[in-house]
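Close look at the chain arrangement
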Amino acid sequence: MSRRILAAGNWKMNKTPSEATALINELKEKVSNAKNEVLVCPPFVCIPDVCRVAAGTNISVGAQNLYYEDKGAYTGEVSAQMLLDLGVKYVIIGHSERREYFNETNDIVNKKVIQAIKNNLIPVICVGETLEQREDGVTFDFIRTQVKIALRSVCAQDAANLVIAYEPIWAIGTGKVATSEQANEVCADIRRCIAGIYDENTAQSIRILYGGSVNKDCAAELFAMSDIDGGLVGGASLKAEDFSIIADA
């Protein structure tokens, strides 16, 4: 089954609205003929401007988070409907920084996944192990648990459309990149886990990305692997030239 490569940029807490507008204006020309799907995930305050400038281009817009309730007294949170109204298509859920700094548990990730799907947003579900877990030989068990809980109560039809991003925590922002073989090995095991939860067709439909210091020099080799369907890109997505190279890798 053919899965289109997805180059997803997670801007994290970077770029003001005016800076975001300038970046998209530069990027949209460079990726106009990109062979891969292009996604940018700016901070909440930049989303209106990014959606406006990206309209009519081949750049999709995603958010970095959402809350799992429809509305209510949740100061500082953002709902799925708010994102939809702005024109957002994807939403990152369960990034390791959310898990570490904001105490997001597997159960919270699951609630957010269900909320995104209910509102026709495509979740990009992040999973990944620490260096200690890798050295202890529990990588596969740990990530399988993350995947299984994230997909709890999600039907096969909905699961087939979502995205999973494997991000070894020890490689995020460190400059260290898992070898292509290491990354593909884990992504392949995630696909086997999904096949066990659902079936082989569903597993083959889901796009699995690699994230963790992805840059213009390593992207092509990573994206060529059998079970890696693109990248969740951090710092390199903040530079139009670098991200455009990744988008065409």
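Before any of the text, the structure's been laid out above.
So, here is what we can say about the structure in this document.

1. Examining the packing of aromatic side chains
Within this structure, the stated rule accounts for 3 aromatic pairs. Note on Tyr-67 and Tyr-74: the rings are 4.8 Å apart at their centroids and 45° apart in plane angle, and the pair reads as tilted. The class for Tyr-67 is buried, based on a relative accessible area of 16%. Overall, Tyr-74 belongs to the partly exposed group, its relative accessible area being 35%.

2. A word on helix α9 (residues 180-197)
Look at α9: 26 Å from first C-alpha to last across 18 residues, which is about the 26 Å you get at 1.5 Å a residue. Three or more residues of α9 are buried, namely Ser-180, Ala-183, Asn-184, Val-186, Cys-187, Ala-188, Asp-189, Ile-190, Arg-191, Cys-193, Ile-194 and Ala-195.

3. Observations regarding the sheet that holds strand β7 (residues 207-211)
A barrel is described by the order of its strands in space; here 8 strands give the closed sequence β1-β2-β3-β4-β5-β6-β7-β8, paired in parallel fashion. Direction aside, the axes of adjacent strands within the sheet are offset by 25° on average. Summarising the sheet, strand β2 (residues 37-41) and strand β3 (residues 59-63) pair through 3 bridges and their orientation is parallel. Residue pairing across strands places Leu-39 opposite Ser-60, the latter belonging to β3. Sheet contacts for α9: β5 (122-127), β6 (163-166) and β7; angle to β6, the most-contacted strand, approximately 145°.

4. Topic: the environment of Gln-133
Topologically, Gln-133 is positioned in helix α6 (residues 131-135). What makes Gln-133 buried here is its relative accessible area of 18%. For the pair Gln-133 and Leu-83, spaced 50 residues apart in the sequence, the C-alpha separation amounts to 35 Å. With residues near it in sequence (within four places) discarded, Gln-133 still touches Val-138, Thr-139 and Phe-142. Among the polar contacts listed, one links the side chain of Gln-133 to the backbone nitrogen of Thr-130, at a separation of 2.8 Å.

5. Things to note about the pattern of salt bridges
Inspection of the entire model under this criterion finds 16 salt bridges. Of the charged contacts in the structure, one is a salt bridge between Asp-49 and Arg-52, with a shortest N-O distance of 3.1 Å. Taken together, the residues Asp-49 and Arg-52, both in helix α2 (residues 47-54) and 3 residues apart, mark about one turn of the helix. When its relative accessible area of 22% is taken as the criterion, Asp-49 is described as partly exposed. Among the residues examined, Arg-52 registers a relative accessible area of 52% and is labelled exposed. Here Asp-242 makes a salt bridge to Lys-216, at a shortest N to O gap of 3.6 Å. Within this pair, whereas Asp-242 is found in helix α12 (residues 240-247), its partner Lys-216 is found in the loop between β7 and α11 (219-223), the two being separated by 26 residues in sequence.

Rules used throughout
- Residues numbered from 1 in each chain as written.
- Predicted model: local features only at pLDDT ≥ 70, side-chain atom pairs only at ≥ 80, totals over all residues.
- Heavy atoms only, no water.
- Phe/Tyr/Trp six-rings, centres within 6.5 Å; stacked < 30°, edge-to-face > 60°.
- Buried < 20%, exposed > 50% of the residue type's maximum accessible area, 1.4 Å probe, protein only.
- Helix = DSSP H or I, 4+ residues; strand = E, 2+ residues; numbered from the N terminus.
- Expected span 1.5 Å × (residues − 1).
- Pairing = 2+ DSSP bridges.
- Axes fitted to C-alpha atoms, helices over the stretch in contact; angles between N-to-C directions.
- Contact = heavy atoms within 4.5 Å.
- Polar contact = N/O pair within 3.5 Å; in protein donor to acceptor, adjacent residues only side chain to side chain.
- Salt bridge = Lys/Arg side-chain N within 4 Å of Asp/Glu carboxyl O.

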